[in-house]
Amino acid sequence: MKGVQAHYEGHVQGVGFRFTVRRIATGFEVAGSVRNLDDGRVQLDATGDAAEVDAFLQAIRDSELRGHIRREEIRERPPDPNARGFSISH
């Protein structure tokens with residue numbers, strides 16, 4: 001199992017970023033959430049099999065969101081064994 005926290009900078013709020021990430025997540029066996037931060041970034045937390053998490057992150061990079069992302073910062077964190085589903089947090 002692998003856990004990550006990613007921060008995305010750029011034109012990532014007000015463009016459907018969170019909804020697109022949630023849609024992409026349905027194609028992978030990952031659990032977690034995505035939310036807007038007050039500083040204009042978007043935060044993603046994901047847990048799953050390492051290969052699934054890595055593929056999910058790559059799918060975000062390869063999606064229509066790539067033009068909105070100026071910077072991506074990913075940090076590994078302990079996986080959340082209680083995580084279920086993928087949601088948009090407010």
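See the structure printed just above.
Residues numbered from 1 in each chain as written. Predicted model: local features only at pLDDT ≥ 70, side-chain atom pairs only at ≥ 80, totals over all residues. Heavy atoms only, no water.

**Q** Whenever I open this one, the sheet that holds strand S1 (residues 2-10) confuses me. Can you help?
**A** Neighbouring strands of a sheet are bound in pairs by backbone hydrogen bonds; such pairs are parallel or else antiparallel. Read across the open sheet, the five strands follow the order S4-S1-S3-S2-S5; overall the sheet is mixed. Whereas interior strands pair on both sides, the edge strands pair on one side only; in this sheet they are strand S4 (69-77) and strand S5 (86-88). Across this sheet, the average inter-strand angle for adjacent strands is 15°, counted without regard to direction. Two elements, S1 and strand S3 (residues 42-48), share seven bridges in a ladder whose sense is antiparallel. Bridging from a neighbouring strand, Ala6 pairs with Leu44 of S3. (Pairing = 2+ DSSP bridges. Helix = DSSP H or I, 4+ residues; strand = E, 2+ residues; numbered from the N terminus. Axes fitted to C-alpha atoms, helices over the stretch in contact; angles between N-to-C directions.)

**Q** It is not clear to me how the side chain of Ser33 should be interpreted in this structure. Could you clarify?
**A** Mapped onto the elements of the fold, Ser33 is located in strand S2 (residues 30-36). Contacts of Ser33, omitting those with residues within four sequence positions, involve Gln43, Leu44, Asp45, Phe86, Ser87 and Ser89. (Contact = heavy atoms within 4.5 Å.)

**Q** Looking at this model, I keep getting lost on the packing of aromatic side chains. Mind explaining?
**A** Aromatic rings in a pair are described by how distant their centres are and how their planes are angled relative to each other. The tally for this structure, following the rule as stated, stands at three aromatic pairs. Seen from their ring centres, Phe28 and Phe56 are 5.9 Å apart, and the 50° between their planes marks the pair as tilted. Of this pair, Phe28 sits in the loop between helix H1 (17-25) and S2 while Phe56 is found in helix H2 (residues 50-62), placing the two residues 28 residues apart along the sequence. Grouping aromatic residues by their ring pairs yields a cluster made of Phe28, Phe56 and Phe86. (Phe/Tyr/Trp six-rings, centres within 6.5 Å; stacked < 30°, edge-to-face > 60°.)

**Q** What is the right way to look at the nonpolar core in this model?
**A** Within soluble globular proteins, side chains that are nonpolar generally end up buried alongside one another. In terms of nonpolar packing, the biggest core is built from 21 residues, with Tyr8, Phe17, Val21, Leu44, Phe56, Ile60 and Phe86 touching the most fellow members. Among the elements of the structure, S1, H1, S2, S3, H2 and S5 are those that each provide at least two residues to this core. (Core = buried A, V, L, I, M, F, W, Y, C linked by side-chain atoms within 4.5 Å. Buried < 20%, exposed > 50% of the residue type's maximum accessible area, 1.4 Å probe, protein only.)

**Q** Got a minute to help me understand H1 in this structure?
**A** Helical periodicity: at 3.6 residues per turn, an α-helix aligns residues three or four positions apart in one direction. Within the sequence span of H1, burial applies to Phe17, Arg18, Thr20, Val21, Ile24 and Ala25. Viewed along the axis of H1, the buried residues span an arc of 165°, placing them on a single side of the element. The inward-facing, buried residues of H1 abut S1, S2, S3, H2, S4 and S5. (Arc of directions from axis to C-beta.)

**Q** Please explain the pairing of S1 as it appears in this structure.
**A** Where burial is concerned, most of S1 is hidden: seven out of the nine residues are buried. One ladder, built from eight bridges, connects S1 with S4; its direction is antiparallel. Directly across from Gly3, in S4, lies its bridge partner Arg77.

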